[in-house]
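Survey of secondary and tertiary structure
Okay, here's what each chain looks like letter by letter:
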Amino acid sequence: MISVSEAKSILQKLDLPNRTISLPISSAIGHFLAQSVQSKIDVPSFDNSAMDGYAFAWEEGIDRLEVMGEAAAGSSDLPKIEKGQAVRIFTGAPLPAGADSVIMQEKVARAGDFIQFKPEDVTQGNHVRYRGTQCRKGEVVAEVGAKITPGLVSLLASVGVNEVQVSLAPKVAIIITGNEIQDLGKPLEPGQIYNANGPALESWLRNLGISEIQQIKVPDQKEVVVEALAKALDENDLVIFTGGISVGEYDFVKNAVGENQVKQLFYKLKQRPGKPLYAGEKEGKIVFALPGNPGSVLSCFMQYVKPVIQSWKRDPEAWNHFQNLPLAQDFDKKIPLTQFLKARIQNGKVEVLQGQESFNLIAFGLADGFVEIPEESSLVESGTLVKFYPW
């Protein structure tokens, strides 16, 4: 049995496949850039107005101008400006030839075709966005490893980029074991429970940008479990078992990984929940076997499976998605194991919730994530900084 830190160190050293794919920017949310991105154009691509107002050619002491026309966004047929002249202009409209400054409409008084204003209200170049102010054509606007967010999509679109090269996310199979598992929407027979782990894991995976997901339900029969893993490894990059990894007479996952020549990375950790966690590797493909209780499943997924997926996608911060926050109340840890507890943030502090049993899901309706209480700790006093892993 190894520690949490030892298990994470083993996983961080995995040589994960590095495959890339070109995706439309709007479909690449949550992925990470595999290549830097250069602007295809100067942005802005022309001198334009930052305000609604009047464009003119600046000169010392000017206070009165004759209005010769107007320029709206998208205008192309614009009059040329001479000294003493102005054009009514709107935000984003191109500056007419000869104009170099804009005065806000709130600063002028207009009478017919003339505007009057105070000389001190205008300076040369005022309220003009000059061509290339944001970036020039060929300039790098996003580096390798940048996470694609809605904000980055907006930037990429503005510079004429419609597709990006990203690190390819793994294909994932979820294998749900257990004779007692019933599909949602069907009535429960005596001794059955609903499949809570499958939908929870699938939603987590989709939230991580995984689109190719198989969910397979198998009974507690050795041959079926062995065959299901063989097929899942053939068709996917990552396999996640729930249940069947302990030492009971109906736990056959350990047999399955052995018969499929999966190399064990570790089995059993000094943690609660999720002590009988398994990780293995076969030809660049990864197998995780999580305990069956939902609390254990989600805790183990967040601590081990999620960062491996993020590493697969080349997230440079894959193993650092946590915050150091003060504990809201004293916590007396009676066992010499690392504990991951359902918790929420209240007034900037981490509150450990009631109902920490691994089968108990009520707290998940309130929780924002998990808090880690280290193996070596016993009494952790209020105000102590602890690691908090948000959903």
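Described in the following lines is the structure provided in the data block. Every value quoted in this text rests on a predicted model; they were computed, and no experiment measured them. (Residues numbered from 1 in each chain as written. Predicted model: local features only at pLDDT ≥ 70, side-chain atom pairs only at ≥ 80, totals over all residues. Heavy atoms only, no water.)

**Comments concerning unusual backbone geometry**
Applied cut-off: Working definition: helices are DSSP H or I runs of at least four residues, strands are E runs of at least two. Numbering for both runs from the N terminus. Under the scheme applied here, a residue whose accessible area is under 20% of the maximum for its type counts as buried, over 50% as exposed, and between as partly exposed, the area being computed with a 1.4 Å probe on protein chains only.
Residue proline 44 is bonded to the preceding valine 43 through a cis peptide linkage, with omega at -10°. Each neighbour pair has its own omega, and for arginine 272 with proline 273 the value is -5°, a cis peptide bond. Assignment of secondary structure puts proline 273 in the loop between strand E19 (271-272) and strand E20 (278-282). Phi is positive for arginine 314, close to 70°, though the residue is something other than glycine. For arginine 314, a relative accessible area of 28% translates into the label partly exposed.

**Considering the packing of aromatic side chains**
Stated precisely, the cut-off is as follows: Side-chain rings of Phe, Tyr and Trp, where Trp is taken by its six-membered ring, are said to pair if the distance between their centres is within 6.5 Å; with planes under 30 degrees apart they count as stacked, over 60 as edge-to-face, and otherwise as tilted. We call a charge positioned above a ring when the Lys NZ or Arg CZ atom is no farther than 6 Å from the ring centre and deviates by at most 35 degrees from the ring normal.
For the structure shown, the criterion picks out 10 aromatic pairs. Arranged with centres 6.5 Å apart and planes meeting at 75°, the rings of phenylalanine 340 and tyrosine 389 form a pair that is edge-to-face. Pair noted here: phenylalanine 340 is in strand E24 (residues 338-346) and tyrosine 389 is in strand E28 (residues 385-390), with a separation of 49 residues, a long-range link. Each member of the pair, phenylalanine 340 as well as tyrosine 389, carries the same accessibility label: buried. These aromatic residues form a ring-pair network of at least three members: Trp204, Phe301, Phe364, Phe370 and Trp391. In this arrangement the basic side chain of lysine 342 is found over the ring face of phenylalanine 364, its NZ or CZ atom lying 5.0 Å from the centre.

**Topic: the nonpolar core**
Side chains that are nonpolar tend, in soluble globular proteins, to be buried together. Definition in use: To qualify as a nonpolar core, a set must consist of buried Ala, Val, Leu, Ile, Met, Phe, Trp, Tyr and Cys residues joined through side-chain atoms within 4.5 Å. Note on definitions: a residue-residue contact is assigned when non-hydrogen atoms from the two residues lie within 4.5 Å.
Counting residues in each nonpolar core, the largest one holds 42 residues, and the members touching the most others are Leu11, Phe288, Phe301 and Tyr304. Per-element tally for this core: the top contributor is helix H6 (residues 294-312), with 10 residues. Contact partners of tyrosine 304, with chain neighbours within four places excluded, come to Val4, Ala7, Lys8, Leu11, Leu269, Gln271, Leu277, Phe288, Trp319 and Phe340. The next biggest cluster of nonpolar side chains, apart from the first, holds 21 residues, and it includes Val225, Val239, Tyr267 and Ala289.

**Some words on the packing of helix H3 (residues 197-207) against H6**
Note the following rule: Interaxial angles span 0 to 180 degrees and are taken between N-to-C directions of axes, which are lines fitted to C-alpha atoms, for helices over the stretch in contact. Orientation categories follow fixed angle ranges, with anything under 35 degrees roughly parallel, anything over 145 roughly antiparallel, 65 to 115 roughly perpendicular, and all other angles oblique. Each helix crossing is assigned a hand: it is left-handed if the near helix lies turned anticlockwise from the far helix by less than a right angle, otherwise right-handed if that turn is clockwise. Just so you know the grouping, Ala, Val, Leu, Ile, Met, Phe, Trp, Tyr, Cys and Pro go in nonpolar, Asp, Glu, Lys and Arg go in charged, and all remaining residues, Gly too, go in polar.
Running from N to C, H3 and H6 cross one another at 25°; their axes reach a closest spacing of 11 Å. Between H3 and H6, the angle is such that the two are roughly parallel. Considering only the axes of H3 and H6, their crossing is right-handed. Residues Asn197, Ala200, Leu201, Trp204 and Leu205 of H3 lie in contact with H6, whose contacting residues are Pro294, Val297, Leu298, Phe301, Met302, Lys306 and Ile309. In terms of residue class, the contact of H3 with H6 is built from 10 nonpolar, 1 polar and 1 charged.

**Quick look at the pairing of strand E21 (residues 285-290)**
Under the convention used in this document: The criterion for strand pairing is that DSSP finds at least two bridges linking the strands in question.
Within E21, 5 of the 6 residues are buried, which leaves the element mostly enclosed by the surrounding structure. Direction of pairing for E20 relative to E21: antiparallel, over a ladder of 5 bridges. Pairing of tyrosine 278 across the sheet is with alanine 289, part of E21. Hairpin geometry of E20 and E21 is characterised by an intervening segment of 2 residues between the two adjacent antiparallel strands and by a positive phi of about 50° at glutamate 283.

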